[in-house]
Amino acid sequence: MNIEVRPIRPEDHGALIALWRRVFEDPEALPAAFLRLLPEMGGGVAALADGVLAGAAYIVTALGVGGKRAAYLYAVAVQPEYRGLGLGKAVTRAAAALGRAHGADFVCTLPASAPLYGWYEELIGTRCALYRRSERLPARALFPVSPLSAAAYNARREALLEGVPHLRLSDAAAEYERINCRCFGGDFYAVGEGVAAASYDNGVLTVRELLCPDPSQRRPCAASVAARLGAERVTLFSPGEKDDEPFLAAEPGALGENCVWNLAFD
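What you are looking at is a predicted structure, and each value in this text was computed from that prediction instead of being measured.

A. Inspection of the overall build of the protein at higher detail. Each helix and strand counted, the protein has seven helices and 13 strands in total. Relative to its length of 266 residues, the protein is compact, with a C-alpha radius of gyration of 18 Å against a globular reference of 18 Å. If you line up the protein on its principal axes, its C-alpha atoms span 60 × 35 × 30 Å. The long-range share in the protein, meaning contacts at least 24 apart out of those at least 6 apart in sequence, stands at 70%. Taken as a whole, the protein presents about 11700 Å² of accessible surface, with 49% of it coming from carbon and sulfur. Charge separation in the protein, taken as the distance between the mean sites of 27 positive and 31 negative side-chain charges, equals 1 Å.

Below, the structure is given as structure tokens:
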């Protein structure tokens, strides 16, 4: 079998969307939006087996932390019938190399399961760098909640995180994050004096990010988002410590333990 790994091309988009939907079972609008925004966010690589597009991986470089540029490895996928040939490893390494070629200072990713932390460490040298915790809260309408555009959310987010080490998104990356939320029943919201990114995960409403000037308002703001969306309860994610759930993997030394990330593509 002839294996070729190369950068993705516009004529690959139909096959890339079909691969994404088959592996991740996402609605077509999500990969279609991602590929539309990708030229502003980064790039991708494809693996062809005897000319058939059998695998792909993407690298998002429109991200920053302080003065550093991040290369975020995303959506590594291989057609089931082509697994076991090393295609996943090949596109992972190639996408990471592409990120570095685009000027990234470090590579990071969000492993889909615990065993993959070791797999990515072996391939691209990342280790778990950030953790998160979650709590379940009942819905309660305590603050006004209204949708925000990606650009407005991004601007408010930057203002709320001023002086705090954090992931910085381009407006294109923020737009993809908003589309991701909207594809799964949520959105970007202004809530009280803060902002929230919410969506459903396997039928459970989750607030992936909630930022507000007064930390004591986090729970009532999350409860208000749940009430706005008609959910009975909501899961609120917050930055955690080493004995909490592993979250983001990054090259050693790239991030401090207090870095606010939250909106990792997942």
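B. Structural context of the packing of helix H3 (residues 87-101) against helix H4 (residues 115-124). Remark: H3 packs on H4, axes separated minimally by 10 Å, with the N-to-C direction vectors making an angle of 60°. In terms of orientation, H3 lies oblique with respect to H4. Of the two elements, H3 crosses H4, and the hand of that crossing is right-handed. Facing Gly88, Lys89, Thr92, Arg93, Ala96 and Arg100 of H3, the residues of H4 in contact are Trp119, Tyr120, Leu123 and Ile124.

C. View of the layout of surface pockets. Each pocket or cavity is described by its volume, and for the largest pocket that value is around 1300 Å³. Lining the largest pocket are 46 residues, and of these Phe24, Leu110, Pro111, Ala112 and Asp266 lie nearest its centre. If you list the elements that add at least two residues to the lining of the largest pocket, you get helix H1 (13-24), strand S4 (68-78), H3, H4, strand S10 (194-201), strand S11 (204-211) and strand S13 (245-250). Ranked by residue count, the leading element in the lining of the largest pocket is S4, at seven residues. Partitioning the lining of the largest pocket into residue classes produces 28 nonpolar, nine polar and nine charged. Counting residues per element, the ones that place at least two in the lining of the second largest pocket are strand S6 (127-138), S11, helix H7 (218-229) and strand S12 (233-239). In terms of residue count, the dominant contributor to the lining of the second largest pocket is S12 (four residues). Partitioned by chemical class, the residues of the lining of the second largest pocket number 10 nonpolar, two polar and four charged.

D. Structural context of the packing of H1 against helix H2 (residues 29-41). In contact at an axis separation of 9 Å, H1 and H2 are set at 135° when each is read in the N-to-C sense. The orientation of H1 with respect to H2, classified from their angle, is oblique. Once H1 is placed against H2, the crossing between them reads as right-handed. Here H1 contributes His13, Leu16, Ile17, Trp20 and Arg21 to the contact with H2, which in turn contributes Leu30, Pro31, Ala32, Phe34 and Leu35. Here the contact of H1 with H2 is built from residues that sort into eight nonpolar, one polar and one charged.

E. Layout of the pairing of S12. Where burial is concerned, most of S12 is hidden: five out of the seven residues are buried. Note: S6 against S12, seven bridges, orientation antiparallel. Directly across from Ser134, in S12, lies its bridge partner Phe237. For the handedness criterion, the β-α-β arrangement of S11, H7 and S12 is classed as right-handed.

F. Representation of a nonpolar patch on the surface within the structure. A cluster of nonpolar side chains, Met1, Ile3, Val5 and Leu85, forms an exposed patch at the surface whose accessible area comes to about 370 Å². Considering the arrangement of structural elements, one finds Val5 in strand S1 (residues 3-7). Given a relative accessible area of 36%, Val5 falls into the partly exposed group.

G. Expanded view of the packing of aromatic side chains. The final tally for this structure, using the stated rule, is 11 aromatic pairs. Taking the centre distance of 6.0 Å and the plane angle of 75° together, the rings of Trp20 and Phe24 count as edge-to-face. Of this pair, Trp20 and Phe24 both sit in helix H1, four residues apart, which is roughly one turn of that helix. For Trp20, a relative accessible area of 3% puts it in the buried group. A centroid spacing of 6.3 Å and a plane angle of 40° characterise the contact between Tyr72 and Tyr74, whose relative ring orientation is tilted.

H. How the structure looks around the nonpolar core. Formed by 58 residues in total, the largest nonpolar core has its most connected members in Phe34, Met41, Tyr58, Tyr72, Leu255 and Trp261. If we skip the residues at most four places from it in the chain, Phe34 touches Trp20, Met41, Tyr58, Val60, Tyr74, Tyr176 and Phe265. Core analysis: the next-biggest nonpolar cluster, separate from the first, contains 20 residues, Ala47, Ala54, Leu98 and Ile124 among them.

Parameters and conventions
Residues numbered from 1 in each chain as written. Predicted model: local features only at pLDDT ≥ 70, side-chain atom pairs only at ≥ 80, totals over all residues. Heavy atoms only, no water. Helix = DSSP H or I, 4+ residues; strand = E, 2+ residues; numbered from the N terminus. Rg over C-alpha atoms; globule rule 2.2 N^0.38 Å. Contact = heavy atoms within 4.5 Å. Areas by Shrake-Rupley, 256 points an atom, 1.4 Å probe, with all protein chains shown as cover. Lys, Arg positive; Asp, Glu negative; His and termini not counted. Charge placed at Lys NZ, Arg CZ, Asp CG, Glu CD. Axes fitted to C-alpha atoms, helices over the stretch in contact; angles between N-to-C directions. Parallel < 35°, antiparallel > 145°, perpendicular 65-115°, else oblique. Left-handed = near helix turned anticlockwise from the far one by under 90°. 1 Å grid on protein atoms, 1.4 Å probe; cavity = no way out; pocket = protein on both sides within 12 Å on 5 of 7 lines; lining within 4 Å. Points joined across faces, edges and corners; volume = space filled by probe spheres on them. Nonpolar A, V, L, I, M, F, W, Y, C, P; charged D, E, K, R; others polar. Buried < 20%, exposed > 50% of the residue type's maximum accessible area, 1.4 Å probe, protein only. Pairing = 2+ DSSP bridges. Right-handed = clockwise from strand over helix to strand, strands pointing away. Patch = residues over 30% accessible without salt bridge, like charges linked within 9 Å, V, L, I, M, F, W, Y side chains within 5 Å. Salt bridge = Lys/Arg side-chain N within 4 Å of Asp/Glu carboxyl O. Phe/Tyr/Trp six-rings, centres within 6.5 Å; stacked < 30°, edge-to-face > 60°. Core = buried A, V, L, I, M, F, W, Y, C linked by side-chain atoms within 4.5 Å.

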